Amino acid sequence: MGGVKLFATKESLFSSRIQWALKLKGVEYEFILEDLANKSPLLLKYNPIYKKVPVLVHGDNVVVESLVILEYIEETWKEHPLLPRDSYDRATARFWAKFNDEKLVPPVWTACTGEGEAQEKAKESALESLALLEKQIQGKKFFGGEQIGYLDLVLGWISYWISGVEEAGGNKVLEAEMFPSLHQWGQNFIHNPLIEECIPAREAFVAYVQNAINCKIFLKS
Ligand SMILES: N[C@@H](CCC(=O)N[C@@H](CS)C(=O)NCC(=O)O)C(=O)O
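Cut-offs used in this document
Position numbers for residues start from 1 in each chain and track the written sequence from start to end. Side-chain atom pairs in this predicted model are given and counted only at pLDDT of 80 or more, local residue features only at pLDDT of at least 70, and totals for whole chains, interfaces and linings cover all residues. Water and hydrogen atoms were dropped before computing side-chain values, which therefore reflect all heavy atoms in the structure. UniProt positions are given in the numbering used here, feature names are shortened, and annotations may be inferred rather than shown by experiment. In this text, helices come from DSSP runs of H or I with a minimum length of four residues, and strands from runs of E with a minimum of two, each type numbered from the N-terminal end. Burial classification: accessible surface area is computed with a 1.4 Å probe over protein chains only, and a residue below 20% of its type maximum counts as buried, one above 50% as exposed, and the rest as partly exposed. Charge counting treats Lys and Arg as positive and Asp and Glu as negative, with His and both chain ends excluded. Take a side-chain nitrogen of Lys or Arg and a carboxyl oxygen of Asp or Glu: if they are within 4 Å of each other, that pair is a salt bridge. Any two residues whose heavy atoms approach within 4.5 Å are treated as being in contact. An automatic or database domain assignment is the source of the domain bounds shown. Two parts lose some accessible area (1.4 Å probe) when they are put together, and adding that loss for both gives the buried area. In protein, a polar contact means a hydrogen-donor-capable atom and an acceptor-capable atom, both N or O and within 3.5 Å, with residues adjacent in sequence counting only if both atoms are side-chain atoms; elsewhere, any N or O pair within 3.5 Å suffices. Note: two strands are recorded as paired if DSSP finds a minimum of 2 bridges between them. Fitting a line to C-alpha atoms yields each axis, with helices limited to the stretch in contact; the angle taken between N-to-C directions then spans 0 to 180 degrees. Small angles under 35 degrees read as roughly parallel and large ones over 145 as roughly antiparallel, with 65 to 115 read as roughly perpendicular and the rest as oblique. As a working rule, the residues Ala, Val, Leu, Ile, Met, Phe, Trp, Tyr, Cys and Pro are called nonpolar, Asp, Glu, Lys and Arg charged, and the rest polar, with Gly in that last group.

- An unreviewed UniProt entry annotates the protein as glutathione transferase of Malus baccata.
- What the UniProt record of the protein gives under Catalytic activity (unreviewed entry) is the line "RX + glutathione = an S-substituted glutathione + a halide anion + H(+)".
- Listed in UniProt under the heading Sequence similarities (unreviewed entry), the comment for the protein reads: "Belongs to the GST superfamily."

Structural data, given as structure tokens:
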């Protein structure tokens, strides 16, 4: 079939979920670092519609949009199944993944980096979404059960990304004690060695986000 290439950035939460999936499944891949301020001709060729990372190239197959890429990875490499076996559980996991991308990532970004009324409203909305996830994770080690699964990978950014963007943006949004079960899940997640390997170093991450804010390179959802 040919090799696997991932066009990505280390700081993109959408890219991290793909790196984690490949690592958990033991798939060798080449990481191709993109500069979002100066996108490579190959990125624009492979993702002409959205022009975003991540892009997965597997032989002649080009797959874009991180949730679609995760499904492709799951169907292509059978080791470490990510999605639940039960069809209703699979549907539920996909629902929360869509919820994350639509109703959590955008308000968290604005809450951490925005100003004034827009920032306040975004914070309220982000906390409402986090409260819903807190209910989902109560009593479980991972969203996937005893082992890390699809939904853990989609939500994994919460465990490190928010605090870095808070620091870069200057607004505190989330305190650990607000959502204790979600906090504990984040600790379980981040301390898995394969997961930890793909998390950007804190200082570099904060500097990157600060630059993205200053240059208005919005880390869009
Ligand atoms: N829905 C996309 C979102 C990807 C996305 O927003 N990527 C950002 C980096 S975090 C990007 O490439 N931004 C460049 C741009 O918007 O110009 C996915 O799930 O893959």
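1. Let's talk about the side chain of glutamate 134
At step 1: One can find glutamate 134 in helix α5 (residues 116-137).
At step 2: Of the side chains with opposite charge, lysine 135 lies nearest to the buried glutamate 134, which makes no salt bridge, at 10 Å.
At step 3: Residue contacts for glutamate 134: discarding those within four places in its chain leaves Phe179, Pro180, Ser181 and Leu182.

2. A few points about the domain arrangement of the protein
At step 1: Each assigned domain of the protein is listed here: domain 1 (4-76) and domain 2 (87-214).
At step 2: If you average the C-alpha positions of domain 1 and of domain 2, the two centres end up 20 Å apart.
At step 3: With 16 residues of domain 1 at the contact, the number on the domain 2 side is 23 residues.
At step 4: Summed over both partners, the interface of domain 1 with domain 2 buries about 1,800 Å², with 67% contributed by carbon and sulfur atoms.
At step 5: At the junction of domain 1 and domain 2, the tally comes to three salt bridges.
At step 6: With its nearest N and O atoms 2.9 Å apart, the salt bridge here joins arginine 17 to aspartate 101.
At step 7: Seen at the junction of domain 1 and domain 2, the total is six residue pairs in polar contact (both at pLDDT 80 or more).

3. A word on the UniProt feature "domain: GST C-terminal" (unreviewed entry) in the protein
At step 1: Here the UniProt feature "domain: GST C-terminal" (unreviewed entry) sits at residues 86-208.
At step 2: Its end C-alpha atoms 40 Å apart, residues 86-208 is made of 71% helix and 0% strand.

4. Some words on the sheet that holds strand β3 (residues 55-58)
At step 1: Ordered by their spatial adjacency, four strands build an open sheet running β2-β1-β3-β4, and the pairing between neighbours is mixed. Only two strands of the sheet have a single partner each, and these edge strands are β2 (30-33) and β4 (61-64). Strand after strand, the sheet turns through a mean of 20° between neighbouring axes, direction not considered.
At step 2: Alignment of strand β1 (residues 4-8) against β2, held across four bridges, turns out to be parallel. Of the residues in β2, the one forming a bridge with alanine 8 is leucine 33.
At step 3: In this fold helix α1 (residues 13-25) packs onto β1, β2 and β3, with an angle of close to 155° to the strand it touches most, β1.
At step 4: Packing against the sheet, helix α3 (residues 66-76) makes contact with β3 and β4, and its axis sits at approximately 135° to β4.

5. Topic: the UniProt feature "domain: GST N-terminal" (unreviewed entry) in the protein
At step 1: Cross-referencing UniProt, the feature "domain: GST N-terminal" (unreviewed entry) maps to residues 2-81 in the present numbering.
At step 2: For the annotated span residues 2-81, helix accounts for 38% and strand for 21% of the residues, and the straight-line distance between the end C-alpha atoms is 22 Å.

6. Details of the packing of α5 against helix α8 (residues 180-190)
At step 1: Remark: α5 packs on α8, axes separated minimally by 8 Å, with the N-to-C direction vectors making an angle of 70°. Between α5 and α8, the interaxial angle falls into the category roughly perpendicular. In contact with Leu130, Leu133, Glu134 and Ile137 of α5, α8 contributes Pro180, Ser181, Leu182 and Trp185.
At step 2: Residues of the contact of α5 with α8, tallied by class, amount to six nonpolar, one polar and one charged.

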